[in-house]
Each structure stands twice: as C-alpha cells, then as structure tokens.
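# Coordinates in review
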Amino acid sequence: SFYYGTFPAGFLWGVGSSAYQTEGAWDKDGKGPSIWDAFTHRPGKVLRNETGDSACDGYYRVKDDIQLLKELKVNHYLLSISWPRIMPTGIKAEQLNEKGIQFYNDTINSLLENNITPIVSLYHWDLPQVLQEKYGGWQNISMINYFNDYANLCFEKFGDRVKHWITFSNPWAVAEKGYETGEHAPGLKLGGCGAYKAAHHIIKTHAKVWHSYNNTWRREQRGMVGISLTSGWGEPVDPHSQTDRDAAERYIQFHLGWFANPIYRGDYPEVMKNYIGRKSAQQGLGTSRLPTFSVQEKTYIKGTSDFLGIGHFTTRYVLQKSFPFLQVSSYHTDHDLAELVDPNWPAPGPKWLYSVPWGFRRLLNFIKTQYGNPLIYVTENGVSETTQCPQLCDEWRIQYLKGYINEILKALNDGVNVKGYTAWSLLDKFEWNKGFSERFGLYHIDFKNKDKPRYPKASVDYYKKIISANGFPSPREVENWHRKAMDTCSATHQHLAADSLITHMEMVTEIVLPTVFTLCILISIVLLIFYLRNHS
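Rules behind the numbers
- Residues numbered from 1 in each chain as written.
- Predicted model: local features only at pLDDT ≥ 70, side-chain atom pairs only at ≥ 80, totals over all residues.
- Heavy atoms only, no water.
- UniProt positions renumbered as here; feature names shortened; annotations may be inferred.
- Helix = DSSP H or I, 4+ residues; strand = E, 2+ residues; numbered from the N terminus.
- Buried < 20%, exposed > 50% of the residue type's maximum accessible area, 1.4 Å probe, protein only.
- Contact = heavy atoms within 4.5 Å.
- pLDDT = per-residue confidence, 0-100.
- Disulfide = S-S within 2.5 Å.
- Expected span 1.5 Å × (residues − 1).
- Core = buried A, V, L, I, M, F, W, Y, C linked by side-chain atoms within 4.5 Å.
- Pairing = 2+ DSSP bridges.
- Axes fitted to C-alpha atoms, helices over the stretch in contact; angles between N-to-C directions.
- Salt bridge = Lys/Arg side-chain N within 4 Å of Asp/Glu carboxyl O.
- Left-handed = near helix turned anticlockwise from the far one by under 90°.
- Nonpolar A, V, L, I, M, F, W, Y, C, P; charged D, E, K, R; others polar.
- Parallel < 35°, antiparallel > 145°, perpendicular 65-115°, else oblique.
- Phe/Tyr/Trp six-rings, centres within 6.5 Å; stacked < 30°, edge-to-face > 60°.
- Patch = residues over 30% accessible without salt bridge, like charges linked within 9 Å, V, L, I, M, F, W, Y side chains within 5 Å.
- Areas by Shrake-Rupley, 256 points an atom, 1.4 Å probe, with all protein chains shown as cover.

The next thing to look at is the UniProt feature "active site" (unreviewed entry) in the protein chain. The UniProt record marks Glu380 with the feature "active site" (unreviewed entry), using the residue numbering of this structure. You can see glutamate 380 is positioned in strand 11 (residues 376-380). Judged by relative accessible area, which is 7%, glutamate 380 ranks as buried. Ignoring anything within four residues of it in the chain, the contact list for glutamate 380 reads His124, Ile310, Gly311, His312, Phe313, Thr422 and Trp424.

Structure follows, in structure tokens:
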C-alpha cells in the first residue's frame, strides 16, 4: 500500500550521470583514450556500432546542464571524473592534463555557485587504455597504486570543495561484464576467474584510497569517502522453502555481499567462499578461484567506508538450481540458482528492468541488518525506455519514481539510515553496449540534431514536486502533481515536434539541395559534351 508522509528535514535530493556517458570530447584538450573509447571503436561491440565520442556534448554544455539542475531544484549532483581526462596515460609521473583539471574545477565551482552539492565518483568505468594495454587493467595488482595516485591528485585539486567522494561506481559490472562475459570494456572473457580477480583488486584499491584520505586529507578537508554498489533484490520463489530462501540469500551475497561484506565485515561472504571453493575443488584446482585476503588485509579493508552508496533498479524471484559439474567455470554457475520474473510486473523499457518497488525496501532493510545500519545514499535509481520515438509523457517513469521513492520512505520508518536519493539520470545518454537505444534521462536529447537540445519529460515536473514537498503529503496533492506533469509534457512534445521538423528541413537543405545542384551541373556538362560532339 502507498504511504503518505514526508522525509526528514535535511534529506538530500539529487540526480546523477557519468563522464563517459555524457561528456563526449573523447580526444579533445589533451584527454587520453579510455578502455571505452577503444572498446566502442571496435565494430560489433556496441549496438549499431554507436560510440560515446560526442555523447551528450556535456564537455561543452556544463552551464546549460547546470541550468537543468536548477530547474529541478536538486540539492546535489552526482558526477564522475574521467581518469584519462586529467591523467592521459593513467600514470601520474608521466603526464597531467591541466585542461582536464580545469574543466572539473570549473564544473565543481559552477555547481557550488548555484547551491548544488557535488558528489563525485572517481571511477565510473573509464580506465585509461594505456593501463589496460600495459598491465591488463584490473587483472593486475599494480592498479592499486596507480589509482591511489589518481585519487590523491583529485583530493589535492578538488577536495577543498568536494566533501562526498565515491571510489567506485558499480564495481560488480566492472568485474562481471568487463572480465567475465566481455559485454563491457575491456571485453575480456576470463570465465570463472577474471571477475573475481578484478573485484579483489578493486576492493583492495578502495581500501587504500580510503586510508589515504583518512591519513592525509580528512583532518583538513573534513569530507567523506564511500563506495557505490548496485544490486537487485532476490526474493525466494517459495518463502516457505529453505532451499529457495538460501538461494535468494546467495543471490544478494554474490551481488552486494561480494563487495560490501569485505568492507563492512572484513571478508567475502561465507557462502561465496564455500560455493566457489567447492566448485574449484571439483575441477581439480588446488586453490579456490575466489582469491583470499590475508589477516592483515582483512583488518585493513574492514571499516573503510564513511557511507554506502546504493544503486538499485529491479528485483528477481530466485530458486535453487544445481548446475552439473562443468569443466568450464563461470561466475553464473557458481551460485547454483535460477532467476525468474513475474509476467505481471511492469517492464516499460528493456527486458531486464522490471518495476518492483517493494524489493527496494527489503534490500535497504537487509543492508541495515547485515552491515550495522550504515549511512546510505541512494546513488542510482531509475528506469529507461527503449522506443525510438521521443517519449516526453513518461507516465511509466513517474509511476516508477513514485513507487521506489515511497519504499525508501517506508524503509526510513523501519529505521534504515538513508540520507539522500539520486534519480538516474539527468539526461538521456550513451548506455554502454546498448548505445543510445536505452534512455534513462529525465531530459530527452534529440541526438539527430547537431546541437543536441534537451527537452524536459513529464517526470521532471513530477520529481520537482516530490523535492519541493520533501515527500508525498496527501493523496489529493500527489494526484494533482501527476495531472499537471502530463499537461506540461503535451506542450513540450509539440515544441519538440516543431524543432524536429526544422532539423529535418535543415538536413534537407544541407544535404539534399547541394546534391541536387551537383547532379544538375553534372547532367548539364554531359549534355553540353553531347551537343558539342554532334555539332563537330
């Protein structure tokens, strides 16, 4: 049932995005190549071979996009820094890019001038390509020191103004999609080992950066360092079945617990160690494919998060499924479970993203119980559409945001320590291996128009109302928000249609007319040649 009420005073409302997905300018002003530049430039890696070379042109549109943030009336903006933009090879001793550093200084200053708090992620997947080529990226332990140098440069240059730092955004995807399935950059398929090794190095890197901040910068800058973990909720198919309940627990531990357990409890979840260890032994391996932490490392890693960022999008039903002994190992067969969905769950966009709001409250309560009720910021939550036609009247996104934000309000009443919410995302943007086919934005972008204009969807108006009211005051008021948002989007849609027609006419003028003119000249020349031949 829907709960009407408001959030505590001081609750933070925001919106987010990431560097590679929005900035563009992939090789401008001294920026070095990232693994995503290399990956998207290889044919067949991304739907329709699209790239983030120009993305939303965010590098050139900072002031315009800050105006959108002001329009939304958000408290904070979650952005990421592109490592190769400020350190082209990823190695501090080799080269710094002052233009890149200036870009982020200007962005941070503009946000603060407009009373918007920057929450900054140091890593949203764009590893410098040089580090991938030279060392194998996150497969190599040397990344720990290179990343720590980069993080310390960011603390030095921006830490006087940035007080909320995220070391890694969704490291699960970095490890699993980058080094297990190869769906994401760097596109490696190191089945059964690659993801675990990458995650191991990422966890140790996170801890090193937290200690660097704690020892060198905290006293002076008084900021916070956390990590952002993305996880769905796993619900047992049969809540009365112990095997299904155990399978659902494994689902969470193999997603969230993989990273959260070492940081909050000092080691990998027991169930991960048991399952991967047993399957490794069945394969005749002398040691587990899941690396181990030494006693000193466990102590060093435990407690290295001032807050926990949580990304959450959807839920699955989970049941036990035993995979037969396989010579080819895989993260996906290690946890012995199957995922199901309820066909009645709304799926407005891609088939992986079902709207199941109640799963969010359960996930937040799981975190409270498992990890000692840590300070939580919701760092990513939103829904995409996949239609090719512009959808400004995004009724489904309004329902999604309303449902999921309401579950956070219920979780607060359960005693969960949530302090802020970040809607994902500000703009339609480049969605990794899906290219521009999935659109998460509150603002629509017409990518066919060279100026890439931004248009507010109905969800902008609705989210603004939630922020202004700090929650959901009464049924009548909330219903009124919905009606007004849908009215507003109809007018914007007409504006977009008119602009699209103008863009189309401009394309006709720029491409078709010169082509016709050229053809006319060529035909005239041919006719003239025939005429002259006949008369000679």
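That was the structure; now back to the text.
Predicted coordinates in areas of low pLDDT are best not read in detail. Per-residue pLDDT for the protein chain has a mean of 94; in total, 96% of the residues score no lower than 70. The least confident element of the protein chain, judged by mean pLDDT, is helix 17 (residues 475-535) at 75; the most confident is strand 5 (residues 164-169) at 99.

Let us look at the state of the cysteines. Considering all chains together, one arrives at 1 disulfide under this definition. With its sulfur 2.0 Å from that of its partner, cysteine 393 forms a disulfide with cysteine 489. Taking the torsion about the sulfur-sulfur bond, which here is approximately 105°, the covalent link between cysteine 393 and cysteine 489 counts as right-handed. Linking cysteine 393 in the loop between strand 11 and helix 15 (395-413) with cysteine 489 in helix 17, this pair joins segments that are 96 residues apart in sequence. Here cysteine 489 falls in the buried class, since its relative accessible area comes to 1%.

This paragraph deals with helix 8 (residues 171-179). For the α-helix, the turn length of 3.6 residues means that residues three or four positions removed from each other point alike. Of all 9 residues making up helix 8, 8 are buried, and the element is well covered by its neighbours. Taken residue by residue, helix 8 has Pro171, Trp172, Ala173, Val174, Ala175, Glu176, Gly178 and Tyr179 as its buried positions. In the core, the buried residues of helix 8 are packed alongside helix 6 (129-135), strand 5, helix 9 (194-221), strand 6 (224-230), helix 10 (242-265) and helix 13 (331-334).

Our next topic: helix 5 (residues 98-113). Taking 1.5 Å per residue as the helical rise, helix 5 with its 16 residues ought to reach 22 Å, and the 22 Å between its terminal C-alpha atoms agrees with that figure. Where helix 5 is concerned, the buried positions are Gly100, Ile101, Phe103, Tyr104, Asn105, Thr107, Ile108, Ser110 and Leu111. After helix 5 finishes, the residue asparagine 115 shows a positive phi value of roughly 60°.

Let's shift gears to the nonpolar core. Counting residues in each nonpolar core, the largest one holds 145 residues, and the members touching the most others are Trp138, Trp165 and Trp258. In this view, tryptophan 165 contacts Ile81, Val120, Leu122, Cys154, Phe155, Phe158, Gly159, Tyr213, Met224, Val225, Gly226 and Phe307; residues no more than four positions away in its chain are not counted. Counting 6 residues, the second largest nonpolar core, distinct from the first, contains Ile119, Ile166, Phe307 and Leu375.

What follows concerns the sheet that holds strand 6. The parallel closed barrel is built from 8 strands, whose spatial order is 2-3-4-5-6-8-11-12. Each neighbouring strand pair of the sheet contributes to a mean axis angle of 25°, computed without reference to strand direction. The strands touched by helix 7 (residues 143-158) are strand 5 and strand 6; relative to strand 5, the strand with the most contacts, the crossing angle is about 155°. Sheet contacts for helix 15: strand 2 (12-16), strand 11 and strand 12 (418-424); angle to strand 12, the most-contacted strand, approximately 170°.

Attention now goes to the pattern of salt bridges. Opposite charge on two side chains allows them to pair when their charged atoms are near. Considering all chains together, one arrives at 31 salt bridges under this definition. Arginine 48 is the salt-bridge partner of glutamate 50, the closest N and O atoms lying 3.2 Å from each other. Judged by relative accessible area, glutamate 50 falls into the buried class, the value being 18%.

Take the packing of helix 8 against helix 9 next. When two helices pack together, their arrangement is captured by the angle between the axes and the distance separating the axes. Running from N to C, helix 8 and helix 9 point in directions that differ by 145°, and their axes come no closer than 8 Å. Handedness of the helix 8/helix 9 crossing: right-handed. Here Pro171, Val174, Ala175, Glu176 and Tyr179 of helix 8 come into contact with helix 9, specifically with Gly194, Ala195, Ala198, Ala199 and Ile202. Tallied by class, residues from the contact of helix 8 with helix 9 come to 8 nonpolar, 1 polar and 1 charged.

Attention now moves to the packing of helix 15 against helix 16 (residues 458-469). It is the contact of helix 15 with helix 16, at a shortest axis distance of 9 Å, that shows an interaxial angle of 25°. By the angle class used here, helix 15 and helix 16 are roughly parallel. Of the two possible hands of crossing, helix 15 and helix 16 adopt the one that is right-handed. Along the contact surface, helix 15 presents Arg397, Ile398, Leu401, Lys402 and Ile405, while helix 16 presents Ala458, Ser459, Tyr462, Tyr463 and Ile466.

A separate point is the packing of aromatic side chains. Where two aromatic rings form a pair, the distance of their centres and the angle of their planes describe that pair. Evaluated as defined, the whole model comprises 53 aromatic pairs. Between phenylalanine 2 and phenylalanine 472, the aromatic rings sit 5.1 Å apart at their centres with planes inclined by 80°, giving edge-to-face as the arrangement. Taken together, the residues span a long stretch of sequence, with phenylalanine 2 in the segment before strand 1 (5-6) and phenylalanine 472 in strand 15 (residues 471-472) at a distance of 470 residues. Residue classification places phenylalanine 2 among the partly exposed residues on the basis of a relative accessible area of 28%. The exposure class of phenylalanine 472 is buried, given its relative accessible area of 0%.

This part takes up the pairing of strand 3 (residues 76-80). Most of strand 3 is tucked away, with 5 of its 5 residues classed as buried. Of the two faces of strand 3, the one holding His76, Leu78 and Ser80 and the one holding Tyr77 and Leu79 are both buried throughout. In the sheet, strand 3 pairs with strand 4 (residues 117-121) via 5 bridges, with the strands oriented parallel. What sits directly across from leucine 79, in strand 4, is valine 120.

As a further point, take a nonpolar patch on the surface. A contiguous nonpolar surface patch, about 780 Å² in accessible area, is contributed by Phe517, Leu519, Ile521, Leu522, Ile523, Ile525, Leu527 and Ile529. Position of isoleucine 523 relative to the elements: it lies in helix 17.

With that out of the way, let us pick up the sheet that holds strand 10 (residues 337-340). Within the open sheet, the 3 strands sit side by side as 7-9-10. Their pairing is mixed. Across the chains shown, the open sheet's two edge strands, defined by having one partner strand only, are strand 7 (233-236) and strand 10. The mean angle between the axes of side-by-side strands here comes to 40°, regardless of whether they run parallel or antiparallel. Bridging between strand 9 (residues 315-320) and strand 10 involves 4 bridges; their strand directions are antiparallel. Each bridged residue has a counterpart across the sheet, and for tyrosine 317 the counterpart in strand 10 is leucine 340. Relative to the sheet, helix 10 contacts strand 7, strand 9 and strand 10, its axis offset from that of strand 9 by approximately 130°. Each of strand 7 and strand 9 touches helix 14 (residues 358-370); the most contacted strand, strand 7, lies at about 100° to it.

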